[in-house]
Amino acid sequence: MFPFLSRCDMALRRVLALGAALGRRRCCSKPSLSPDFVEALRAVVGAPNVSTATAVREQHGHDESMHPCAPPDVVVWPQAVGQVQELAALCHRCRVPMVPFGTGTGLEGGVNAVQGGVCFDLSRMDAIAELSLEDFSVTVEPGVTRKALNKHLRGTGLWFPVGTVGISVVMGLEVPAVKVLGLRTRLRICGLWGVHRCAGIPGQ
């Protein structure tokens, strides 16, 4: 109805996207954590699951928002709840910030590590632990995406609809598992397990 306003909006989006991209290219500084701390991280999850590479840190220092890149000092890929617990305990003891990372598609800058620290990339915790067709519930790990869940649900008559809170987003604060309930377009979270900074899981 208002093509001029639509063109202005598109131009503004392009300018903001370009500014964000330029900021990301200049964002990374050298990691500031001690080598001993990084080695302690490797002892928990294994050397292949720890990275201080500039490109990896830059990738994990921003989402789809306009906020400038703020990279973590190191990125880790835990693959089990126990590892998340150990990592959280280590960071808590050493007073190192923790930043969870799902898929990097947020629009609020929630993954930006404004104080550096350790980025927990949860993408490798992608198991679908339990599916109950009788009560329309499924228990998943935080790395399970909407597409992966719907592929698993194919043929059951159930699906995880677009427009709801994504699994990885739900898992925002070091949460190792979530149980969702959905029938067609209805969705409820009916159970949630989280790792506290002192490495305990409430209720267990």
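What you see is a predicted model; the values in this text were computed from it and never measured.

S.K.: Before we go on, may I ask you to explain the overall build of the protein chain in this structure?
M.R.: Assigned secondary structure in the protein chain consists of 6 helices and 8 strands. The helix and strand sequence of the protein chain, counted from the amino end, reads α-α-β-α-β-α-β-β-β-β-α-α-β-β. Counting across all 204 residues of the protein chain, residues that qualify as buried make up 41%. Partitioning the contacts of the protein chain with sequence separation of at least 6, the portion at a separation of at least 24 is 57%. Looking at the protein chain as shown, the accessible area adds up to about 11700 Å², and 57% of this sits on carbon and sulfur atoms.

S.K.: Looking at this structure, I do not really get the nonpolar core. What am I missing?
M.R.: A general feature of soluble globular proteins is that nonpolar side chains tend to end up buried together. Grouped together as the largest cluster of nonpolar side chains are 19 residues, with contacts concentrated most on F37, L41, V50, V76, L87, V118 and F120. Counting only elements with at least two residues in this core, the list comes to α2 (35-45), β2 (74-76), α4 (81-93) and β4 (118-121). When residues no more than four places from it in sequence are discounted, the contact partners of F120 are V76, P78, V84, L87, A88, C91, M98, V99, P100 and F101.

S.K.: Mind showing me how you'd approach the packing of α2 against α4 here?
M.R.: Each packed pair of helices is defined by two parameters, the angle between the axes and the distance between the axes. In the contact formed by α2 and α4, the axes pass within 9 Å of each other and the chain directions differ by 165 degrees. Considering their axes alone, α2 and α4 lie roughly antiparallel with respect to each other. By crossing handedness, the relation of α2 to α4 is classed as right-handed. Side by side, α2 and α4 meet where F37, A40, L41, V44 and V45 of the first sit next to Q83, E86, L87, L90 and C91 of the second. Considered class by class, the residues forming the contact of α2 with α4 number 8 nonpolar, 1 polar and 1 charged.

S.K.: Any chance you could explain the pairing of strand β5 (residues 128-132) here in plain terms?
M.R.: Residues in a regular strand project their side chains so that they alternate between the two faces of the sheet. Direction of pairing for β5 relative to strand β6 (residues 137-140): antiparallel, over a ladder of 4 bridges. By the bridge assignment for β6, S132 is matched with S137. Count of turn residues in the β5/β6 antiparallel hairpin: 4 residues, of which F136 carries a positive phi of about 55 degrees.

What counts and what doesn't
Residues numbered from 1 in each chain as written. Predicted model: local features only at pLDDT ≥ 70, side-chain atom pairs only at ≥ 80, totals over all residues. Heavy atoms only, no water. Helix = DSSP H or I, 4+ residues; strand = E, 2+ residues; numbered from the N terminus. Buried < 20%, exposed > 50% of the residue type's maximum accessible area, 1.4 Å probe, protein only. Contact = heavy atoms within 4.5 Å. Areas by Shrake-Rupley, 256 points an atom, 1.4 Å probe, with all protein chains shown as cover. Core = buried A, V, L, I, M, F, W, Y, C linked by side-chain atoms within 4.5 Å. Axes fitted to C-alpha atoms, helices over the stretch in contact; angles between N-to-C directions. Parallel < 35°, antiparallel > 145°, perpendicular 65-115°, else oblique. Left-handed = near helix turned anticlockwise from the far one by under 90°. Nonpolar A, V, L, I, M, F, W, Y, C, P; charged D, E, K, R; others polar. Pairing = 2+ DSSP bridges.

Honestly, it's all geometry; don't read function into it.
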